[in-house]
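The residues making up each chain are set out below.
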Amino acid sequence: MLLVALFLALIISNVPPALAQTEQGVVTVQVLYHGTIPPPTGVIVTRNPEICGTQVLLQSLTVHSPSGGLKDAVVTIDGISAPETAPAGMAPNVLSNSRCSFSPHVMSLQTGSPIEIHNQDPIMHNTHINYEMRTFINVAMVVNARPVAKTVAKPGLYRVQCDVHKFMGGYVLASTHPYFGVTDDHGNTRILNVPAGHHDISVWHERLGQLQAHVSVPPNGEATATFEFREDKTGHGRRMDR
Ligand SMILES: [Cu+2]
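Residues numbered from 1 in each chain as written. Predicted model: local features only at pLDDT ≥ 70, side-chain atom pairs only at ≥ 80, totals over all residues.

### A look at the overall build of the protein chain
Okay, step 1: The helix and strand tally for the protein chain stands at 2 helices and 20 strands.
Okay, step 2: Burial statistics for the protein chain: of 242 residues in total, 29% are counted as buried. (Helix = DSSP H or I, 4+ residues; strand = E, 2+ residues; numbered from the N terminus. Buried ≥ 20, exposed ≤ 12 C-beta atoms within 10 Å, placed from the backbone.)

See the structure below:
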């Protein structure tokens with residue numbers, strides 16, 4: 001009996017220790033725009049002006065004053081894999097038709113999780129999302145419609161439009177991993193639980209394009225990155241050809 005116990009103990013001691021939890025840190029990012037802000041484009045509303053208003057002002061650059069913080073830029077760690085321990089069930093990413101616009105205007109999500117389309121307006125919208133020039137989903141959202149969900153399988157850029165109100169637009173950027181963020185009103189975002197080490201990092205903006213940079217994430221620490229888009233097309237960080 002003692003021998004058996006010893007034998008078992010030997011086997012157990014030969015089992016390699018469980019893989020150590022990868023050390024992680026935080027990446028804090030600020031995205032700035034330096035330059036003049038073009039005037040918004042005015043669009044006369046012909047469908048549902050009673051709800052949407054008679055005119056809509058479209059502005060693709062939302063810049064905080066005086067900091068220059070750029071809203072709705074998507075920051076993504078590049079060349080990184082999703083953690084092996086995937087979360088159990090991915091939360092839906094709610095895309096609302098709200099006051100004749102898409103909320104949020106720009107969304108980032110991880111592949112494998114659903115986009116869940118809602119209609120909060122007392123009028124019909126028709127949400128039409130394209131991926132690489134093809135329809136990903138095209139759905140009429142009547143008044144009080146139940147949410148419609150579809151899982152995003154492929155990474156990349158999805159263009160969101162409404163077929164009823166052509167001025168409504170939005171974007172979804174899908175990554176194969178959870179290391180991304182969308183900048184807030186001040187141009188800030190934080191990416192949590194990033195594996196420690198050196199990473200390429202990029203930012204995408206619907207009008208200004210992409211910039212790349214590099215960060216070194218310390219274990220249990222914080223790395224910061226600042227991206228600067230400039231009107232003259234030079235940028236802090238390497239501008240990628242598009
Ligand atoms: Cu609409």
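So much for the structure itself; the text now carries on.
### Quick notes on the nonpolar core
Okay, step 1: Of all hydrophobic cores here, the largest spans 44 residues; its most connected members are Val31, Val74, Val75, Val172 and Val203.
Okay, step 2: Counting only domains with at least three residues in this core, you end up with domain 1 (22–72 + 179–242) and domain 2 (90–176).
Okay, step 3: Not counting residues within four places of it along the chain, the set of residues in contact with Val74 comprises Val106, Ser108, Leu173, Phe180, Val182, Val203 and Trp204. (Core = buried A, V, L, I, M, F, W, Y, C linked by C-beta atoms within 7 Å. Domains from an automatic or database assignment. Contact = placed C-beta atoms within 7 Å.)

### Topic: the environment of Arg230
Okay, step 1: Here Arg230 is to be found in strand S18 (residues 222–230).
Okay, step 2: Classification of Arg230 by C-beta neighbours within 10 Å gives partly exposed; the count is 14.

### Regarding the sheet that holds strand S6 (residues 101–103)
Okay, step 1: One open sheet holds the 4 strands; their spatial order is S6-S5-S8-S11, and the pairing between them is mixed. Both edges of this open sheet fall to S6 and strand S11 (148–151), since each of them pairs with a single strand only. The average undirected angle you get between the axes of adjacent strands in this sheet is 20 degrees.
Okay, step 2: In the sheet, strand S8 (residues 114–119) pairs with S11 via 4 bridges, with the strands oriented antiparallel. (Pairing = 2+ DSSP bridges. Axes fitted to C-alpha atoms, helices over the stretch in contact; angles between N-to-C directions.)

### Remarks on the sheet that holds strand S9 (residues 125–131)
Okay, step 1: Strand order across the open sheet formed by 5 strands is S7-S13-S12-S9-S10, with mixed pairing between neighbours. Where the open sheet ends on each side, the last strands, each with one partner, are strand S7 (106–110) and strand S10 (134–141). Ignoring strand direction, the axes of neighbouring strands in this sheet form an average angle of 20 degrees.
Okay, step 2: Both strand S12 (residues 156–162) and strand S13 (residues 169–175) contribute to a ladder of 6 bridges, which runs antiparallel. Bridged to Arg159 within S13 is Tyr171.

### Some words on unusual backbone geometry
Okay, step 1: Between Ser65 and the following residue, Pro66, the backbone shows a cis peptide bond with an omega angle of 5 degrees.
Okay, step 2: Tracing the chain through its elements places Pro66 in the loop between strand S3 (55–58) and strand S4 (74–78).
Okay, step 3: With an omega of 0 degrees, the peptide bond between Ser103 and Pro104 qualifies as cis.
Okay, step 4: Structurally, Pro104 can be placed in the loop between S6 and S7.
Okay, step 5: One non-glycine residue, Cys100, adopts positive backbone phi at about 60 degrees.
Okay, step 6: Following the sequence through the fold, Cys100 ends up in the loop between strand S5 (93–98) and S6.

### A short note on the confidence of the model for the protein chain
Okay, step 1: For the protein chain, per-residue confidence averages 89 on the pLDDT scale, and residues scoring 70 or more make up 86% of the total.
Okay, step 2: This model gives residues 1–20 a pLDDT under 50, and the stretch forms 0 contacts once residues within four places in sequence are excluded.
Okay, step 3: Confidence drops under a pLDDT of 50 for residues 237–242, and excluding neighbours within four residues, the segment shows 12 contacts in the predicted structure. (pLDDT = per-residue confidence, 0-100.)

### Structural notes on the environment of Asn138
Okay, step 1: With respect to the secondary-structure elements, Asn138 resides in strand S10.
Okay, step 2: A residue is classified by how many C-beta atoms lie within 10 Å of it, and Asn138, with 12 of them, is exposed.
Okay, step 3: Along the sequence, Asn138 and Gln161 sit 23 residues apart, while their C-alpha atoms lie 9.4 Å from each other.

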